[in-house]
Amino acid sequence: MEVKKIMLTIHTKLVEAMITQAHKDHPIETCGIIAGPQGCNLPLRLIPMRNAARSAVFFKFDPNQQLQVWRDMEARDEEPIVIYHSHTDTQAYPSRTDVKFAAELRAHYVIIPTNPIYGDEIRSFRICDGMVTEERVRMLDSYKSEWELAMVA
Amino acid sequence: MQVTVHIPTILRPLTENQKRLTITGFSVLEVIEHMEERYPGIKEKLITGGKAHHFINIYVNDDDIRFTDGLSTSLSDGDSLTILPAVAGGAEPALLHT
Ligand SMILES: [Zn+2]
């Protein structure tokens, strides 16, 4: 599957929510998703997930919560647009484990560093067949124009 | 036993893009064997070394089969079997024990 637009467009409030959650969970790795309407590539509904691994170096979505969240998304015609987690003591770049588990070809994989020596900016990646491509993050204070574009398309 | 199997996006190329399949079987393993007959290649995506792959979650109705009888989990008519990619990762590949 080809990725047309290599860029994550995301509301500033959602970025702030991910960063706040990551720092609150530190030193445990935080994780979650942001769902959005199928095919729109616009993240809207942030769902923090329980890290079943409760680890500083590993995360795994709680399988039972994941089932409920995935069923909800299906019922709402949504898909996971962003899949995010934090790195508590390494740079915000996908690890080999991250790449091995990455199964959503259309999702933006966002990593939040929670150790300030690795910066305080989130980074976003596409992961496809083991290949990692970093993409630009474009933050918006309003989705209005994006919605209008999505409606026309 | 006839069960409905929910196929995740990543495996749909193997099932002619179908999201749901109706498959018979008395256990999770039997359902997977029957899927394999119709859609060759799907079994190796789900099972490794006689166990469900750790990259995959398999649920019978609301229960992750890791916490029931694994691949031997028995099925009743009308059950749903959901397959989802496990969402996981981390910072240190060496610490993956699952
Ligand atoms: Zn990671």
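Provided above is the structure to which this section pertains.
Quantities reported herein were computed from a predicted structural model and do not represent experimental measurements.

1. Concerning the pattern of salt bridges
- Inspection of the entire model under this criterion finds 11 salt bridges over all chains.
- Residue E74 of chain A is joined to K19 of chain B by a salt bridge in which the shortest nitrogen-to-oxygen separation is 3.8 Å. In this pair, E74 of chain A sits in helix α2 (residues 63–75) while K19 of chain B sits in the loop between β1 (2–6) and β2 (20–24), so the two residues belong to two different chains.
- A relative accessible area of 35% means that E74 of chain A is categorised as partly exposed.
- A salt bridge links E74 of chain A to R20 of chain B, with the nearest nitrogen and oxygen atoms 2.8 Å apart. Residue E74 of chain A is found in helix α2, and its partner R20 of chain B is found in strand β2; the two belong to separate chains.
- We classify R20 of chain B as partly exposed; its relative accessible area is 43%.
- The network of salt bridges with shared partners includes R45, R76 and E78 of chain A.

Rules used in this analysis
- Residues numbered from 1 in each chain as written.
- Chains lettered and ligands numbered in written order.
- Predicted model: local features only at pLDDT ≥ 70, side-chain atom pairs only at ≥ 80, totals over all residues.
- Heavy atoms only, no water.
- Salt bridge = Lys/Arg side-chain N within 4 Å of Asp/Glu carboxyl O.
- Helix = DSSP H or I, 4+ residues; strand = E, 2+ residues; numbered from the N terminus.
- Buried < 20%, exposed > 50% of the residue type's maximum accessible area, 1.4 Å probe, protein only.

Purely geometric numbers; function is a separate question.
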